[in-house]
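As a plain string of letters, each chain reads:
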Amino acid sequence: MKISSIVVLGAGSAGLMAALTLKRKVAQLAVRVVRSPDIGIIGVGEGTTVVFPRHFFEYLKMKPRDFYAEAEPTWKMGLRFLWGPRKEFYYTFSFEFEKRLHELSRNNGFYYSDECPWLGHASAFMAHNKVFPRRPDGLPQFHNNHAFHIENKKLVAWLENRCRDHGVGILDATVRAEKGGDGIGSLVTENGEHITADLFVDASGFRSELLSRALGEPFRSYQDALFCDRAVIGGWPRTEEPILPYTTAETMDAGWCWQIEHEHFINRGYVYSSGYISDDAALAEFMRKNPKLATAPRVVKFRSGRYERSWVGNVVGIGNAVGFVEPLEATALQVISVEASTLADSLLDSLCEPTPSLIRLYNRYNGDQWDDIRNFLAIHYKFNTRIDTPFWRACRADTALHGAQDIVDWYRENGPSVLAGVALVHPSNSFRMDGYLALLAGQKVPHNRPYHPPPAERNFWRQHCRNLAAEAQRGLDVKEALQAIRSPGLKWS
Ligand SMILES: Cc1cc2nc3c(=O)[nH]c(=O)nc-3n(C[C@H](O)[C@H](O)[C@H](O)COP(=O)(O)OP(=O)(O)OC[C@H]3O[C@@H](n4cnc5c(N)ncnc54)[C@H](O)[C@@H]3O)c2cc1C
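Residues numbered from 1 in each chain as written. Predicted model: local features only at pLDDT ≥ 70, side-chain atom pairs only at ≥ 80, totals over all residues. Heavy atoms only, no water.

Let us look at the pairing of strand β13 (residues 230–237). With seven of eight residues buried, β13 is to be regarded as a mostly interior element. As paired elements, β13 and strand β16 (residues 265–272) share eight bridges and run antiparallel to each other. Within β16, the position partnered with proline 237 by the bridge is phenylalanine 265. Where β13 lies against strand β17 (residues 298–301), four bridges are found, and the strand directions are antiparallel. Residue pairing for β17: valine 232 is matched across the bridge by valine 299. (Buried < 20%, exposed > 50% of the residue type's maximum accessible area, 1.4 Å probe, protein only. Helix = DSSP H or I, 4+ residues; strand = E, 2+ residues; numbered from the N terminus. Pairing = 2+ DSSP bridges.)

Glancing now at the state of the cysteines. Within this structure, the stated rule accounts for one disulfide. There is a disulfide in this structure between cysteine 116 and cysteine 465, and the S-S distance comes to 2.3 Å. Taking the torsion about the sulfur-sulfur bond, which here is approximately -105°, the covalent link between cysteine 116 and cysteine 465 counts as left-handed. Of this pair, cysteine 116 sits in the loop between β5 (89–92) and α4 (121–127) while cysteine 465 sits in helix α14 (residues 455–473); the two residues are 349 residues apart in sequence, bridging distant segments of the chain. Summarising the burial analysis for this pair, cysteine 116 and cysteine 465 share the class buried. For cysteine 228, which is in no disulfide, the shortest distance to another cysteine sulfur is to cysteine 395 and amounts to 6.7 Å. Here cysteine 352 is not disulfide-linked; the sulfur of cysteine 163 is the nearest cysteine sulfur, at 18 Å. (Disulfide = S-S within 2.5 Å.)

On to the site of the ligand. Taken together, 36 residues surround the ligand, and among them Ala11, Val44, Gly47, Asn320 and Leu333 come closest. Measuring from an oxygen atom of the ligand, one finds a backbone N or O atom of isoleucine 42 at 3.0 Å. Between a nitrogen atom of the ligand and a main-chain N or O atom of valine 175, the distance comes to 2.9 Å. For the shell around the ligand, the secondary structure elements donating two or more residues are α1 (13–25), β13 and α8 (332–349). No other element matches the three residues that α8 contributes to the shell around the ligand. Across the shell around the ligand, the residue classes break down as 20 nonpolar, 12 polar and four charged. The residues that make up the shell around the ligand include at least three from each of domain 1 (5–43 + 151–219 + 308–372) and domain 2 (230–301). (Near = heavy atom within 4 Å. Polar contact = N/O pair within 3.5 Å; in protein donor to acceptor, adjacent residues only side chain to side chain. Nonpolar A, V, L, I, M, F, W, Y, C, P; charged D, E, K, R; others polar. Domains from an automatic or database assignment.)

Under the definition given, this model contains 35 aromatic pairs. Taken together, the aromatic side chains of Phe52, Phe56, Phe57, Phe67, Tyr68, Trp75, Phe132, Phe142, Phe148 and Trp158 make up a single cluster linked through ring pairs. Lying across the ring of tyrosine 451, arginine 106 places its NZ or CZ 5.0 Å from the centre. In this structure, arginine 432 is placed above the aromatic ring of phenylalanine 95, and the distance from its NZ or CZ to the ring centre is 3.6 Å. (Phe/Tyr/Trp six-rings, centres within 6.5 Å; stacked < 30°, edge-to-face > 60°. Lys NZ or Arg CZ within 6 Å of the ring centre and 35° of its normal.)

What follows covers the side chain of asparagine 107. Within the fold, asparagine 107 resides in the loop between β5 and α4. Judged by its relative accessible area of 8%, asparagine 107 falls in the buried class. Among residues more than four places away in sequence, those in contact with asparagine 107 are Phe97, Glu98, Lys99, Arg100, Pro416, Ser417, Val418 and Leu437. (Contact = heavy atoms within 4.5 Å.)

Moving on, we get to α14. Between its terminal C-alpha atoms α14 stretches 27 Å, which fits the 27 Å expected from 19 residues at 1.5 Å a residue. Among the residues of α14, Glu457, Trp461, His464, Cys465, Leu468, Ala469 and Ala472 are the ones counted as buried. With its buried residues spanning 130° around the axis, α14 presents them on a single face. Across α14 from its buried face, at more than 90 degrees, point the exposed residues Pro455, Ala456 and Gln473. Buried residues in α14 make contact with α4. (Expected span 1.5 Å × (residues − 1). Arc of directions from axis to C-beta.)

We note that the domain assignment places domain 1 (5–43 + 151–219 + 308–372) and domain 2 (230–301) within the protein. The gap between the C-alpha centroids of domain 1 and domain 2 is 30 Å. At the junction of the two partners, domain 1 supplies seven residues and domain 2 supplies eight residues. Between domain 1 and domain 2, a total of about 590 Å² is buried, with carbon and sulfur atoms accounting for 63% of that surface. Where domain 1 meets domain 2, there are zero salt bridges. At the boundary of domain 1 with domain 2, the tally comes to three residue pairs in polar contact (both at pLDDT 80 or more). (Buried area = accessible area lost by both parts, 1.4 Å probe. Salt bridge = Lys/Arg side-chain N within 4 Å of Asp/Glu carboxyl O.)

Formed by 159 residues in total, the largest nonpolar core has its most connected members in Trp75, Tyr270, Leu343 and Ile379. Ranked by residue count, the leading element in this core is helix α9 (residues 356–382), at 10 residues. Residue contributions to this core reach at least three from each of two domains, namely domain 1 (5–43 + 151–219 + 308–372) and domain 2 (230–301). The contacts of isoleucine 379, once residues within four sequence positions are left out, are Leu401, Ala404, Val408, Tyr436, Leu439, Leu440 and Gln443. (Core = buried A, V, L, I, M, F, W, Y, C linked by side-chain atoms within 4.5 Å.)

On to the sheet that holds strand β8 (residues 175–180), then. With antiparallel pairing, three strands are arranged side by side in an open sheet as β8-β9-β10. Edge positions in the open sheet fall to β8 and β10 (194–195), since each of these has one partner strand only. Here strand β9 (residues 183–189) pairs with β10 via two bridges, running antiparallel. Bridging across to β10, leucine 187 finds its partner in isoleucine 195.

Let us now look at the side chain of glutamine 334. Structurally, glutamine 334 is set in helix α8. On the basis of relative accessibility, which here comes to 5%, the residue glutamine 334 falls in the buried class. Polar side-chain contacts of glutamine 334 include one of 2.8 Å to the side chain of serine 430. Setting aside chain neighbours within four positions, we find glutamine 334 in contact with Thr49, Val51 and Ser430.

Here's what the structure looks like:
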C-alpha cells in the first residue's frame, strides 16, 4: 500500500521527533500528531548520546543556532562513573580505548591505569571539567564528539515549534483505537470523530495504545538482566556549582543515581529495584545523598523490555511505546533518533510502498538495537563491586549477560584488546568494542593478560598523559563555552 498520510499518536519527545523527522525527510507526506492534554507526557529524559545531535544537525540538517537559543542545552562529553573499585572512571563518545598511538605497540586500553585516568582528549577534558579546546582567539574549537543535557520541557517545546514550522498539524484529543484491515482502522476521539491515516506511529509512551493494547504484540522482558523498575527524581537550582561536562552515574544501595547538568538546574534521579528497597527507603537514601533537593521528588515506575516487533501492520511504534531500558547510558533519545530515521529511510527507499522484507528488516534492526543496549547495561551491573548490599550481590550473581557473554569471555582471556571487535560487535552497535573495554577496564574486571610496557613505552605514555592534562587545563569550561556561543560575533558552521 502506498503511504501518503501518517498520524502520530503522542507528542512526547518520541512523537514529535518522529513527526519532524518524517516531514523533513519525506516532504510529500501529510503528517499529523494527536496528543492527550489529560494524559500529558512523561516529562523526563534529559541526557543524550552523540547520536542525538548527529540526528538533528547532520541527518536532518537543522540549524544549531535555533536549537541552542531555544532548547538551551549544555554539553555532555560522556559519563563519569562512581562505580566499581576505582575512585572513578570515564566513558566517552570518542572511542579512546580502541585507539592506538603509533609510538606504542598496543591499543590504549593496555596502558590505562589509576595513575592516569584519561586516555585521550575527551576523558582528559572531562577530568579537568573542560569541554572544548581554546582557539588562539579565545573562542571554543568546536567538535562533534559530544551529546547534550537538555531540560525535557525545553526540548519538547523546541520540537513542537519545529513541527509547526514544517506544517505538522497537532490535535489535542484523547483517543481510542478501532481496529481495521491489517491493523488500525482509525483513532476515535471523545466526540466520536474518526481519524484515519495510511500509517499510524504509536508514540503513546508506556501505554502503547496501538502496538500493545490494540494489536496485542507480545512483550519481551529484560528483567533477567536489568532488575531496576523505579526512579525517584528531583533536583535543585544551581548556585555556585560548576556546570560539569558529563553525566555522573553513582552507585546507590539498590541501584544508582544520575546527576545531569543544566545551566541553571541540577537534576538527580535514583534508579532502583523495588524488589530490594521500598519507595520510602529509596527516597530517604536519595534525600540523604542530596541534601540540597529543592523540588518535591516524584517516583516514576517502568519496566525494561521491548515489544517483539515495532512495525506491525499499519502501526510503527517509537519511543517508550515500543521499548524501554533505564537511562544508565541515556539511550532513549538515541533509540528514538534511530527508529525515526530508519522509518523515514524505509519510506524514502521504498517510494512509500514498504515491502514485507523491508518491514522484517526494520523490525530486526530496531529490535537488535534494544537488545544491544540491554547487553551493554548488563555488564554495568554484573561487575560493579563498589558496595556490598543485597541488591549488588544479586546483580553480580544473577545478571544474565546475553550477547555480552562472548565479549566478556574474550576480555577475560585477552585483556583490553580491540582485535576481536569487528567479529564480536556488529557494525551498527553504537557502543562498539570500545564501550565494552571502557566498562570492563573501568570496573577492573580481572583478565589473564596484564601488559607491563617496556620503559620507553611507559615514559611515552606518562608524557602523553601530561600533555593531555596541559591541553585540557587550557580549555574552556561549560560556562565559558555558553558565553562564547551567545557572543554576537560567533560564526556558526
Ligand atoms: C526515570 C526515567 C529517566 C529517563 N532518562 C532519560 C535520559 O536521561 N535520556 C533519555 O534519552 N531518555 C530518558 N528516559 C526516557 C525518555 O524519557 C523517553 O524515552 C522519552 O521522553 C520519550 O517518551 P515518549 O514520547 O515515548 O512518551 P511520553 O512522553 O509518555 O508521551 C506519550 C504521548 O502519548 C500521548 N497519549 C498516550 N495515550 C494517548 C491517547 N489515548 N490519546 C491521545 N494521546 C495519548 C500522551 O498525551 C503523550 O503526548 C528516561 C525515562 C525514565 C522513566
